Amino acid sequence: MRHEHRPPRRRIRLTRRGRLALFLCLLLPIGVAVLVPLLRGGGGGQAPEQPRPLVIPEGWRAPQVYAAIDRALHLPAGSAKAAAAAAPLALPAEAGGNPEGFLFPATYPVTSKTTPATLLAYMVETANRKLATPAVTQGGKEHGMTPYQTATVASIVEAEADSRADMGKVARVVHNRLARSMPLQMDSTLNYALNRSTVDTKLSETRIDSPFNTYRRQGLPPTPIGNPGLEAMTAAVAPTPGDWLYFVTVEPGDTRFSETYEEHKEHVAEFNRVRAAATGRAHAGPAG
């Protein structure tokens, strides 16, 4: 919801449970059945090369992932982005070749033999596996969502939830608004359109012409707005039961969910009081 009614976001969460041990298979091109040895020089008594961890946090956007890959592999900036455009990634047809939402967050081992194409392909393959688990698949079907739509909802949940405990409720707000044909009005999608991350949104910015402006357009944005982890995917298909339509994080660890706009306005007023006390000035703005 409106981030101008939320305090600064918590630090980026690194990958949680299930950090992946992807050592040998990560270095394989998709469809190739021969293992690529993790050795410099391939023998001669040389010690095996020790893989280096590449951590991709939940919620990172594709450009952040590309930049991290380029740094980890000591490649010129733009190398991973170019590889993503050229590699035969196993993306849904709905993605139109855009891997946003399918660069699964995890800890990946890399060596001198790792290439951007094989690394990106494994990230996408891993995302597809997570979206294909029985719980996620069945939950998505129950909500009438394709795997791509599930990834899109999960990316919003990942960006909006102040904590893991809030993910299910945030997902419920998304579903409740969609069911009522209400615009989502999520600042996270607007931030994606403007290529930024901020807790403050101006009223004029909610009027920009963009398919990611969920203030002006109903329904989901055309693509995911980041790369969600498994917990956000699970929340997207199994949201917490409730009738909430609004939420605002009054302060870290205190997100208030509301069923009515009047109740939401009261929570926004509390947020303004808390922020005024912290900054010495009131921060006013429209709610939700």
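Residues numbered from 1 in each chain as written. Predicted model: local features only at pLDDT ≥ 70, side-chain atom pairs only at ≥ 80, totals over all residues. Heavy atoms only, no water.

1. A few points about the packing of aromatic side chains
Here's step 1: In the structure shown here, the tally under the stated rule is five aromatic pairs.
Here's step 2: Summarising the aromatic geometry, the rings of Tyr246 and Tyr261 are spaced 5.7 Å apart at their centres and angled 50° between planes, so their arrangement reads as tilted. Taken as a pair, Tyr246 in strand 3 (residues 246-251) and Tyr261 in helix 10 (residues 261-279) lie far apart in primary sequence, 15 residues in all.
Here's step 3: Look at Tyr246 and you get buried, because its relative accessible area is 11%.
Here's step 4: Between Phe247 and Phe257, the aromatic rings sit 5.5 Å apart at their centres with planes inclined by 35°, giving tilted as the arrangement. Placement of the pair is Phe247 in strand 3 and Phe257 in strand 4 (residues 254-258), with a sequence separation of ten residues. Like Phe257, Phe247 is buried.
Here's step 5: An aromatic cluster is present here, built from Trp244, Phe247 and Phe257 joined pairwise through their rings. (Phe/Tyr/Trp six-rings, centres within 6.5 Å; stacked < 30°, edge-to-face > 60°. Helix = DSSP H or I, 4+ residues; strand = E, 2+ residues; numbered from the N terminus. Buried < 20%, exposed > 50% of the residue type's maximum accessible area, 1.4 Å probe, protein only.)

2. Some words on the pairing of strand 4
Here's step 1: Here strand 3 pairs with strand 4 via five bridges, running antiparallel. Bridge pairing in strand 4 places Glu251 opposite Asp254.
Here's step 2: Here strand 3 hands over to strand 4 after two residues, with Gly253 in that stretch at a positive phi of 85°. (Pairing = 2+ DSSP bridges.)

3. Side note on the environment of Gln64
Here's step 1: Relative to the helices and strands, Gln64 is located in helix 2 (residues 62-72).
Here's step 2: C-alpha separation for the pair Gln64 and Gly226, spaced 162 residues apart in sequence, amounts to 9.6 Å.

4. Overview of the environment of Gly78
Here's step 1: Note that Gly78 resides in the loop between helix 2 and helix 3 (79-86).
Here's step 2: Distance from Gly78 to Pro63, taken between C-alpha atoms, is 9.2 Å for residues 15 residues apart in sequence.

5. Side note on the confidence of the model for the chain
Here's step 1: For the chain, the average pLDDT comes to 85, and 81% of its residues sit at 70 or higher.
Here's step 2: Residue range residues 282-288 is modelled with pLDDT below 50. Its contacts to residues more than four positions away, or to other chains, number 25 contacts. (pLDDT = per-residue confidence, 0-100. Contact = heavy atoms within 4.5 Å.)

6. As for the packing of helix 3 against helix 4 (residues 116-131)
Here's step 1: The N-to-C vectors of helix 3 and helix 4 enclose an angle of 65°; their axes lie 9 Å apart at closest approach. By crossing handedness, the relation of helix 3 to helix 4 is classed as right-handed. Contacts from Ala80, Ala83 and Ala84 of helix 3 reach helix 4 at Pro116, Ala117 and Leu120.
Here's step 2: Here the residues of the contact of helix 3 with helix 4 sort into six nonpolar, no polar and no charged. (Axes fitted to C-alpha atoms, helices over the stretch in contact; angles between N-to-C directions. Left-handed = near helix turned anticlockwise from the far one by under 90°. Nonpolar A, V, L, I, M, F, W, Y, C, P; charged D, E, K, R; others polar.)

7. Considerations on the nonpolar core
General note: in soluble globular proteins, nonpolar side chains tend to be found buried as a group.
Here's step 1: In terms of nonpolar packing, the biggest core is built from 58 residues, with Leu54, Ile69, Tyr108, Leu120 and Met123 touching the most fellow members.
Here's step 2: Examining the composition of this core, we find that eight residues originate from one element, helix 4, more than from any other.
Here's step 3: In this structure Met123 touches Ile56, Val65, Ile69, Phe102, Leu103, Phe104 and Tyr108, once residues within four positions along its chain are discounted. (Core = buried A, V, L, I, M, F, W, Y, C linked by side-chain atoms within 4.5 Å.)

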